[in-house]
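Observations on the three-dimensional arrangement
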Amino acid sequence: QVQLVESGGGLVQAGESLKLSCAASKRTFSNYAMGWFRQPPGKEREFVAGISRSGGYTYYRDSVKGRFTISRDNAKNTVYLQMNSLKPEDTAVYYCAAGSTVTAIERAYEYWGQGTQVTVSS
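In what follows, the accompanying structure is described. None of the values given here were measured: they were computed from a predicted structure. (Residues numbered from 1 in each chain as written. Predicted model: local features only at pLDDT ≥ 70, side-chain atom pairs only at ≥ 80, totals over all residues. Heavy atoms only, no water.)

What to know about the overall build of the chain
- Regarding its fold elements, the chain presents zero helices and 11 strands.
- Its C-alpha atoms give the chain a radius of gyration of 13 Å, within 12% of the compact-globule value 14 Å for 122 residues.
- The dimensions of the chain, computed from C-alpha atoms along their principal axes, are 40 × 25 × 25 Å.
- The buried share of the chain, reckoned over its 122 residues, is 44%.
- Sequence separation of 24 or more characterises 57% of the internal contacts of the chain that already satisfy a separation of 6 or more. (Helix = DSSP H or I, 4+ residues; strand = E, 2+ residues; numbered from the N terminus. Rg over C-alpha atoms; globule rule 2.2 N^0.38 Å. Buried < 20%, exposed > 50% of the residue type's maximum accessible area, 1.4 Å probe, protein only. Contact = heavy atoms within 4.5 Å.)

Pasting the structure below:
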């Protein structure tokens, strides 16, 4: 069992930045690929970014490419999502997830955090 705890959400204005963190409970954190998902108000949850176990491969949804950066520190059992040039349409609850492979498919991830709210005002 892996417990994931997100932090770093908040209210910002358009154009500003936020950095989300997701801390994992397990020392075998490096055995898992990690993903960030988000659920905008009234919409389905969607994939945002993923990173391989070593951090050598990353994958992003088109709308965040060039603005968001996913990274991980296996020594700290933590994955990050640096979000720059935020837009109102980035407003959502952001979730981190752990799985066996980097994929945009939600059901492929085994463990999920509780989510952190990001609100971007115009």
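Brief notes about the nonpolar core
- Core analysis: the largest hydrophobic core is formed by 29 residues, its most contacted members being L4, M34, W36, L81, M83 and Y94.
- Counting residues per element, the ones that place at least two in this core are β3 (18–24), β4 (33–39), β5 (46–51), β7 (68–73), β8 (78–83), β9 (92–99) and β11 (116–121). (Core = buried A, V, L, I, M, F, W, Y, C linked by side-chain atoms within 4.5 Å.)

A look at unusual backbone geometry
- Of note in this structure, N77 is not a glycine but carries a positive phi near 55 degrees.
- Within the secondary structure, N77 is located in the loop between β7 and β8.
- The exposure class of N77 is buried, given its relative accessible area of 15%.
- Despite not being glycine, S85 shows a phi value in the positive range, around 50 degrees.
- Judged by relative accessible area, S85 falls into the partly exposed class, the value being 40%.

With respect to the side chain of S52
- Mapped onto the elements, S52 comes out in the loop between β5 and β6 (58–60).
- Classification of S52 by relative accessible area gives buried; the value is 15%.
- A polar side-chain atom of S52 sits 3.2 Å from the main-chain amide nitrogen of G56.
- In contact with S52, other than residues within four places in its own chain, are A33, Y57, R72 and V102. (Polar contact = N/O pair within 3.5 Å; in protein donor to acceptor, adjacent residues only side chain to side chain.)

Considering the pattern of salt bridges
- Overall, the coordinates contain six salt bridges when judged by the stated rule.
- In this structure, the salt-bridge partner of R38 is E46, at a minimum N-O distance of 2.7 Å.
- Among the charged side chains, a network of salt bridges with common partners joins R38, E46, R61, R67 and D90. (Salt bridge = Lys/Arg side-chain N within 4 Å of Asp/Glu carboxyl O.)

Re the environment of V5
- Within the secondary structure, V5 is located in strand β1 (residues 4–7).
- Using a relative accessible area of 49% as the deciding quantity, one classes V5 as partly exposed.
- Between the C-alpha atoms of V5 and A23, which are 18 residues apart in sequence, the distance is 5.3 Å.
- Leaving out residues up to four positions away in the same chain, V5 has contacts with S21, C22, A23 and Q114.

Thoughts on the environment of F29
- Along the chain, the position of F29 falls in the loop between β3 and β4.
- With 46 residues separating them in the primary sequence, F29 and A75 have C-alpha atoms 8.9 Å apart.
- Each residue touching F29, except ones within four places of it in the same chain, is listed here: A24, M34, R72, D73, N74, N77, T78 and V79.

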